[in-house]
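What the coordinates show
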Amino acid sequence: MEKRFIYADNAATTAVSEEVLNAMMPHFTKAYGNASSIYKLGRDAQADIEEAREKVAAALGADAKEIFFTSCGSESDNWAIKGTAEMMAKKGKKHIVTSVFEHHAVLHTCEYLEKHGFEVTYVPVDEKGMINPEDVRNAIREDTALVTIMYANNEIGTIQPIEEIAAVCHEKKVLFHTDAVQAVGHVEINVKKQGIDMLSLSGHKIHAQKGIGALYVRKGIVLPNLIHGGGQERGKRAGTENVPAIVGLGRAVEIACSNISEKAALITPKRNRLIDGILKIPYTRLNGDRDRRLPGNLNISIEGIEGESLLLMLDMNGICASSGSACTSGSLDPSHVLLSIGLKHEVAHGSLRLSIEEDVTDEDVNYILEVVPKVVERLREMSPVWEKMMKGEKYE
Ligand SMILES: *Cc1c(COP(=O)(O)O)cnc(C)c1O
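This write-up is about the structure you can find in this document.

What counts, and where the lines are drawn
- Residues numbered from 1 in each chain as written.
- Predicted model: local features only at pLDDT ≥ 70, side-chain atom pairs only at ≥ 80, totals over all residues.
- Heavy atoms only, no water.
- Core = buried A, V, L, I, M, F, W, Y, C linked by side-chain atoms within 4.5 Å.
- Buried < 20%, exposed > 50% of the residue type's maximum accessible area, 1.4 Å probe, protein only.
- Helix = DSSP H or I, 4+ residues; strand = E, 2+ residues; numbered from the N terminus.
- Expected span 1.5 Å × (residues − 1).
- Pairing = 2+ DSSP bridges.
- Axes fitted to C-alpha atoms, helices over the stretch in contact; angles between N-to-C directions.
- Contact = heavy atoms within 4.5 Å.

**A few points about the nonpolar core**
In this structure, Leu60, Val147, Ile189 and Leu199 are the most contacted members of the largest nonpolar core, which totals 66 residues. At 8 residues, helix α8 (residues 243-256) tops the list of elements feeding residues into this core.

**A word on helix α3 (residues 73-89)**
Compared with the 24 Å implied by 1.5 Å per residue over 17 residues, the 24 Å span of α3 between its first and last C-alpha is a close match. The element α3 is extensively covered by neighbouring structure, given that 12 of its 17 residues are classed as buried. Of the positions making up α3, those classed as buried are Gly73, Glu75, Ser76, Asp77, Trp79, Ala80, Ile81, Gly83, Thr84, Ala85, Met87 and Met88.

**Details of the sheet that holds strand β4 (residues 119-123)**
Reading across the sheet, the 7 strands line up as β2-β8-β7-β6-β5-β3-β4 and stay open at both edges, with mixed pairing between neighbours. The sheet is open, and its two edges are formed by β2 (67-70) and β4, each paired on a single side. Shown here is a sheet whose adjacent strand axes are inclined to one another by a mean of 20 degrees, direction ignored. Each of β3 (95-99), β4, β5 (144-148) and β6 (175-179) touches helix α4 (residues 104-114); the most contacted strand, β4, lies at about 145 degrees to it.

**Regarding unusual backbone geometry**
The residue Lys173 is not glycine, and still its phi comes out positive at about 60 degrees. Within the secondary structure, Lys173 sits in the loop between α6 (162-171) and β6. Residue classification places Lys173 among the exposed residues on the basis of a relative accessible area of 72%. Phi at Arg234 is positive, roughly 55 degrees, even though this residue is not glycine. Here Arg234 is to be found in the loop between β8 (213-217) and α8.

In structure tokens, the structure reads:
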């Protein structure tokens, strides 16, 4: 089979789309005004920022005044969590509820707060990668300042019962934030209907550039200022606005949220074919609930192999994919997400995440289904772990 190039790592980042780039381009050259300036060039930039804000708000069912532009999804998460913590600490509320399998932008922010006098409860996820709203209810205390639970998981793609969780929070009169970086543009979101108080999103996961994000903050919630300085972002986040990036984000959100069900209808059958095809390899398992997951996500553990070797071999075959282990400071840490759903360390090490979009063709799917089993077979032939497994010996 002829070698192909297939980008199957859209959960890591996406390409800036041509439409988004076209929207941005004038803002690098002719339309370079500072949005705070009084003359037309500046006023136009301000108007373009506000138009982008309207687009983001419309896509989420929010009001434009409730949207703040940030530099990324991580910044939005940090602002929502640390800002709420600071605000609520004044009322003696120093407890936060989150889940064990959040993105590090949330987990590490919570760990930081733990070092500064806050208590954090990490609710578990079940073996299918789902959070039970009742666990959230049981974790909430008198002094709970915030519940922050991700909308869709970035590794295993499971979509959480956000509306139910938000309802529990409201019943208990606790603020609810969700990291929706993986969900925006892939599932229908309406912050008002779903009772979401704060929501983070990021541009580069939906075909805008890297380094732009937004935070929705429901009217009535007054977060402390994130950056002190000028009056940008209603005085809350100072710094001359990144007009091209903001305009690009507005267009990207508008496009991504305009045809969610059509995209899902195109991608889901391909995703399912990939799941069924890869699961034909012996000693594999699908991670995360099969149905309650993002249309383009699949995450499969393949026993007896190392994720890193698999990724390198797939790369040699033109396939960009991701794994459940992250190489940090030279040591291989198995993913906290895969451990949280009950996988053993050695199984979590050999996981494959593919995150596909509409550009992946049926021929691409065939190609992946041809390459992956071959590569797995080769890696297993070379694997001492696999040899021991096959002999029924204990392997650690
Ligand atoms: C990518 C991602 C982030 C971080 O977004 P950045 O814009 O890269 O900072 C946060 N949460 C989730 C779930 C993500 O997938």
